[in-house]
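# Architecture at a glance
As a plain string of letters, each chain reads:
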Amino acid sequence: MDSACGPPPEMADRREELTPMMGQYHDLCARYDDAIVLFQVGDFYETFCGAAERTARLLELTLTSREDSTGEYPMTGIPVDNAASYIDDLLEAGYRVAVADQVEEPGESPGVVERAVTRVITPGTLTEDELLASDDNNFVAALARTDDTHGLALLDVSTGDFLATSSTSSEAIADEISRFAPAEAIVGPGVDGALAPEACMVTPFDESVFERERAGELLADYFGDPDSLLAGDAEVRACGALLAYAEYARGGVEEDEDADSDGTIETGTQTTRLEYLTHLTRYDPREYLLLDAVALRSLELFEPRAVYGREEATLFGVLDETSSALGGRKLRDWLRRPLLEPARIDARLDAVEALTGDVRTREELTDLLRDVYDLERLIGRISRERANARDLRSLRDTLAVVPELRDRLEGVRDECDRLETLHANLDPLSDVRELIEDGLVADPPIEITEGGVIAEGYDDDLDELRETARDGKRWIDDLEESERERTGIDSLSVGYNSVHGYYIEVTNPNLESVPENYQRRQTLKNSERFVTPELKKREDEIVGAEERADEREYELFCEIRREIAAAVERVQGLASAVATLDALVSLSTVAAQYDYCRPEVIGRDEPRTLEIEGGRHPVVERTQESFVPNGARFADDRRLGIITGPNMSGKSTYMRQVAQIALLAQVGSFVPARSVRLTPLERIFTRVGASDDIAGGRSTFMVEMDELATILEEADERSLVLLDEVGRGTSTADGLAIAQAITEHLHDEVGATTLFATHHHPLTELTDDLEAAFTLHFETTQEDGEVVFHHDIAPGAADGSYGVSVATAAGVPEPVVERSRELVAEAGAESATERAGAGDGETAATDDAMTAADDATTGTTDAPSATDDATTATADGGDVPTDVAAELRALDLAHLTPVEALTELDRLKRLLEE
Ligand code: ADP
């Protein structure tokens, strides 16, 4: 185990000898032995021994030491007031952090100050505002498994968003996880942690929380009968375990539980309930357009493509005109999960249309939404009793906006159901608002234990205490005047300092006139300070009353906070309405500003349609001055487009824009086009650009084949497939063979809506045989010796020798260009002969497939054939296990597609490596 976590070895074997404080530290380390324990000592969180050495190095802090009767211990401190950024660094270094706060005032009880872990901070369970991106969720995931099903639960502890799903396909689960990009995951028995994306920290946790019975009970405690809420045991296990983990992170685990020894964390029996987790939403991945990790990336949903390099150069970036963090998160969720049902899509589109048409309403709503605080995180903090008075003020200010939002919606709400419902759901929560207005001063301080928080007139006891204090102060204020009169010393003054309290000051020349009841307190250079018994008495009264007033204020504040916490569901309902409104306003702002049109979404049972007129790439059009619109038209009998054209002519932009326009339409957004009509897509697959899996140690070619295998296996008529230059990582002949075989397969077997951009010019001839295939191309012209890109797509294939034209334009000498033209012509003739010689019908297809299989193997391994490759492995690596050999022998090469052959090879290779 890491030397920074767990009880320090130099303490562990002599626990009984330690001082009470170090004993306490030791025990907390033993209890939270998977975390670095930050141990509050006054204004600092201290770490000792191995943890101190590690934190000092990581955080570049000074390593000091603490000495007591039992020894000297290395020590590093983090200031309590400024801990967040240090904690962030510890999380980044892969640690969990258990914050052990002093939970009583020093001296409150005999012996050492009591400390308890008040929260365990992990990457997935952050609630600190400073550590969270405001317009993004921060999810923690749990994965559970029953025989054939994976259950996935996702929770944002800071907002209370809680989702569950399951699938019998582990790929589908991996896709769902990558949609939500959780920061952290816990996994149950039998689950492969590699299902989580690389950026997600997979942490070990007590596996017993995944047990069906235990998980079910905990869930029932929060949400009622889990079986009526969820589909199947895998979901119940995942959700229950995740709840247990969230409770653990909340802190408050019971003290007498034994710390375990196997490096995982045991949960205690008593944890703190998370009252603000009021909803658990179960969903089926099939309700949404499925986007796997590859598509999320290549369609630039949230991550910019390196070429543009600008943060906002993403689909989210161009759509995000939200005013509040709530709206930003809602919009992200919509983009993550585009819809399939036309009715649901139209409900959003109706609202966007209504708001797009009414500039004034939209702008006023935008202005108002700017004043909306993050209600979800606010109520989360209120419920966890971590909210301060400023948080309540923020809540009050936000609630004050709600009636105005309702007013503004008045004019548009009857234009569609969605806005009508939103209007109804904008509950101004007047009771909560009044409670805060009556209870708190208008501008309270952050600190809630030092008074000045509760309003005058809210509580009689408090008012009385304050009156006593004020009375005393008035008496003191008058004292100067009355004592001057009584003593005749004109320069006499009354003052206050924090050490000695109130005093009467008399300068040296007047000391003789000091009355008898003055008692000397302090001698200064030119004066003496005195008190009188009466002054002392008044002072005690003031201090006593003020102290009690502060305590009373704190009590009242906590009461108010609890009372608001009881309204958690209503606040969350309001938050959701505001978030939706903000997201809709954002979509309509973008629609109006960038000239988007409303897409027409037709029934899922209708024949496949995807018609775009004058479409633009939503991201690229924002990054450059002018953009050439291009259309697209797909139907059942026109479903596979082969695109040719020189580099930089716009092929990949075009393909992505087609996918992005469809995706935006299904989000319920207007789209960058003149008109769009479509049947909803169920999946989008992309094989775009070289997405080298360098970290995974696989070659570009292997990655490409892997992605292709997935596409060919899983795509269907309701999928959109984008292929960009497939078969580049190998020789031209292999590449062409693979590309052709894939095109045929997609056309004949898969039937997906497909766009295939290629440099393999002969591919365009395929459209003669494939009845639903067609060609598109980008042209370039030359003007004054310069190549001009028109970015204008046209039917038909590009002139195959465009590379040569570009060479001419670039000033390559004429003889070289001439020779190139000859070679191009020869190559064209050869490929035509090959094709003619291949015969027709089935034989040709099989032959092609065979060639492709062989070539593909060559591309990856340089071995002449699949079988030979295996033989080579024998020579280098000892015997081929009999099962692998048997599988190889049983392979029916004549009936494998190239991709199947490759996949099979890859699988067998893995078997050998195991
Ligand atoms: P290809 O895939 O053919 O190599 P890209 O799609 O990458 O070409 O386009 C190259 C560049 O051309 C893009 O980065 C963009 O700046 C510009 N471009 C592409 N399509 C258009 C268009 N329709 N209108 C204007 N510029 C475009």
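None of these values were measured; they are calculated from a predicted model.

Turning our eyes to something else, we now look at the sheet that holds strand β26 (residues 773–783). The sheet built from seven strands is open, its strands ordered β13-β23-β24-β25-β21-β26-β27 with mixed pairing. Among the strands making up the open sheet, the edge pair consists of β13 (290–291) and β27 (786–795). Each of β13, β21 (640–644), β23 (683–687), β24 (719–724), β25 (753–757), β26 and β27 touches helix α22 (residues 651–667); the most contacted strand, β24, lies at about 165 degrees to it. Helix α23 (residues 700–714) contacts β23 and β24 of the sheet and is inclined by roughly 155 degrees relative to β23.

Glancing now at a negative patch on the surface. Where like charges cluster on the molecular surface, the negative patch consists of D43, D81, E447 and E450. In this structure, D81 sits in the loop between β4 (71–79) and α4 (83–92).

Attention shifts here to the nonpolar core. Within the largest apolar cluster, 215 residues are counted, with the highest numbers of intra-cluster contacts made by L419, I564 and L663. Per element, the largest residue contribution to this core is 14 residues, and it comes from helix α20 (residues 568–593). Among residues more than four places away in sequence, those in contact with I564 are I379, I382, L392, L395, V432, L435 and I436. Listed in part, the 25 residues of the second largest apolar core include M705, L723, L746 and A752.

Where charged atoms from two side chains of opposite charge come close, those side chains can pair. All told, the structure shown has 58 salt bridges when counted by the stated rule. For R381, the salt bridge identified is with D391, shortest N-O distance 3.1 Å. Placement of the pair is R381 in helix α14 (residues 375–383) and D391 in helix α15 (residues 389–410), with a sequence separation of 10 residues. No difference in accessibility class separates R381 from D391, as the two residues are buried. As a salt-bridge pair, R486 and E483 come within 3.0 Å of each other at their nearest N and O atoms. Placement of the pair is R486 and E483 together in helix α18 (residues 460–487), with a separation of three residues, close to one helical turn. Residue classification places R486 among the partly exposed positions, given a relative accessible area of 47%.

Turning our eyes to something else, we now look at the site of the ligand. Around the ligand, 14 residues are found, and the nearest of them are Q624, V628, M648, S652 and T653. K651 is positioned with one of its side-chain polar atoms (N or O) 2.9 Å from an oxygen atom of the ligand. In isolation the ligand offers 560 Å² of accessible surface; the protein chains occlude 82% of this area. Ranked by the residues each element gives to the shell around the ligand, the list is headed by α22, at three residues. Split into classes, the residues belonging to the shell around the ligand amount to four nonpolar, nine polar and one charged.

The terminal C-alpha atoms of helix α11 (residues 325–336), which comprises 12 residues, lie 17 Å apart, in line with the 16 Å expected from a rise of 1.5 Å per residue. Judged by how many residues are buried, α11 sits mostly within the fold: 11 of 12 residues are covered. Turning to α11, its buried residues number three or more, namely A325, L326, G327, G328, R329, L331, R332, D333, W334, L335 and R336.

In this section: the UniProt feature "binding site: ATP" (unreviewed entry) in the chain. This chain's UniProt record puts "binding site: ATP" (unreviewed entry) on G645, P646, N647, M648, S649, G650, K651 and S652. Among the structural elements, N647 can be located in the loop between β21 and α22. Contact partners of N647, with chain neighbours within four places excluded, come to E725, H759 and F789. In this fold, G650 is placed in the loop between β21 and α22. Relative accessible area serves as the criterion here: at 16%, G650 is assigned to the buried category. Apart from the residues within four sequence positions on either side, G650 is in contact with F778 and H791.

The N-to-C vectors of α15 and helix α19 (residues 533–565) enclose an angle of 45 degrees; their axes lie 11 Å apart at closest approach. Viewed along their axes, α15 and α19 adopt a mutual orientation that is oblique. Crossing handedness for the pair α15 and α19: left-handed. Across from A389, L392 and L395 in α15, the residues of α19 making contact are F557, I560 and I564. Across the contact of α15 with α19, the residue classes tally to six nonpolar, no polar and no charged.

Okay, the packing of helix α12 (residues 342–356) against α20 next. Put simply, α12 and α20 touch, their axes get as near as 8 Å, and they point 60 degrees apart. What the angle tells us is that α12 and α20 run oblique. Our pair here, α12 against α20, has a crossing hand that is right-handed. Where α12 abuts α20, its residues R348, A351, V352, L355 and T356 lie against L584, V585, L587, S588, A591 and A592. Per-class residue counts for the contact of α12 with α20 are eight nonpolar, two polar and one charged.

Let us look at the sheet that holds strand β22 (residues 675–678). Spatially, the four strands line up as an open sheet ordered β18-β22-β19-β20, and their pairing is mixed. On the outer flanks of this sheet lie β18 (600–601) and β20 (630–635), each paired with one strand and no other. Strand direction decides the pairing type here: strand β19 (residues 609–615) and β22, joined by four bridges, are antiparallel. Among the inter-strand pairings, E613 is bridged to a residue of β22, identified as S675.

Residue placement: A293 occurs in helix α9 (residues 293–298). In contact with A293, other than residues within four places in its own chain, are D175 and S178.

For the chain, per-residue confidence averages 85 on the pLDDT scale, and 87% of positions sit at 70 or higher. Counting contacts from residues 691–696, a segment whose pLDDT is below 50, to residues more than four positions away or on other chains yields seven contacts. For residues 834–877, every residue scores under 50 in pLDDT, and the model assigns this stretch 48 contacts once sequence neighbours within four places are set aside.

A separate point is α4. Among the residues of α4, A83, A84, Y86, I87, L90 and L91 are the ones counted as buried. Down the axis of α4, the sector holding all buried residues measures 165 degrees, keeping them to one side. Each element contacted by the buried residues of α4 is listed here: β1 (35–41), β2 (44–48), α3 (49–59), β4, β5 (96–102) and β6 (115–121). Phi turns positive, to about 95 degrees, at G94, one or two residues after α4.

With that settled, the discussion passes to the environment of L219. Mapping L219 onto the fold places it in helix α6 (residues 212–223). Judged by its relative accessible area of 1%, L219 is buried. Along the sequence, L219 and L280 sit 61 residues apart, while their C-alpha atoms lie 9.6 Å from each other. With residues up to four places along the chain from it excluded, the contact list for L219 reads G224, P226, L230, V236, C239, G240, L243 and L280.

Even without a glycine there, the phi angle at E300 is positive, about 55 degrees. Of note, E300 is situated in the loop between α9 and α10 (315–319). With phi around 50 degrees, L429 is a residue other than glycine that occupies positive phi space. Here L429 is to be found in the loop between α16 (417–425) and α17 (430–439). We classify L429 as buried; its relative accessible area is 0%.

With that settled, consider the packing of aromatic side chains. Taken as a whole and assessed by the stated rule, the structure comprises 17 aromatic pairs. Between F205 and Y245, the ring centres sit 4.7 Å apart and the planes meet at 75 degrees, which makes this aromatic pair edge-to-face. Linking F205 in the loop between β11 (201–203) and α6 with Y245 in helix α8 (residues 233–250), this pair joins segments that are 40 residues apart in sequence. Under the relative-accessibility criterion, Y245 is labelled buried at 0%. Note on Y222 and F223: the rings are 5.8 Å apart at their centroids and 40 degrees apart in plane angle, and the pair reads as tilted. Across the pair, F223 and Y222 agree in class, each one buried. Members of the aromatic cluster, connected to one another through ring pairs, are Y32, F205, Y245 and Y248. The ring of Y222 carries R273 above its face, with NZ or CZ at 4.5 Å from the centroid. Its end group placed over the ring of F774, R638 keeps NZ or CZ at 3.7 Å from the ring centre.

Analysis parameters
Residues numbered from 1 in each chain as written. Predicted model: local features only at pLDDT ≥ 70, side-chain atom pairs only at ≥ 80, totals over all residues. Heavy atoms only, no water. Pairing = 2+ DSSP bridges. Helix = DSSP H or I, 4+ residues; strand = E, 2+ residues; numbered from the N terminus. Contact = heavy atoms within 4.5 Å. Axes fitted to C-alpha atoms, helices over the stretch in contact; angles between N-to-C directions. Patch = residues over 30% accessible without salt bridge, like charges linked within 9 Å, V, L, I, M, F, W, Y side chains within 5 Å. Areas by Shrake-Rupley, 256 points an atom, 1.4 Å probe, with all protein chains shown as cover. Salt bridge = Lys/Arg side-chain N within 4 Å of Asp/Glu carboxyl O. Lys, Arg positive; Asp, Glu negative; His and termini not counted. Charge placed at Lys NZ, Arg CZ, Asp CG, Glu CD. Core = buried A, V, L, I, M, F, W, Y, C linked by side-chain atoms within 4.5 Å. Buried < 20%, exposed > 50% of the residue type's maximum accessible area, 1.4 Å probe, protein only. Near = heavy atom within 4 Å. Polar contact = N/O pair within 3.5 Å; in protein donor to acceptor, adjacent residues only side chain to side chain. Nonpolar A, V, L, I, M, F, W, Y, C, P; charged D, E, K, R; others polar. Expected span 1.5 Å × (residues − 1). UniProt positions renumbered as here; feature names shortened; annotations may be inferred. Parallel < 35°, antiparallel > 145°, perpendicular 65-115°, else oblique. Left-handed = near helix turned anticlockwise from the far one by under 90°. pLDDT = per-residue confidence, 0-100. Arc of directions from axis to C-beta. Phe/Tyr/Trp six-rings, centres within 6.5 Å; stacked < 30°, edge-to-face > 60°. Lys NZ or Arg CZ within 6 Å of the ring centre and 35° of its normal.

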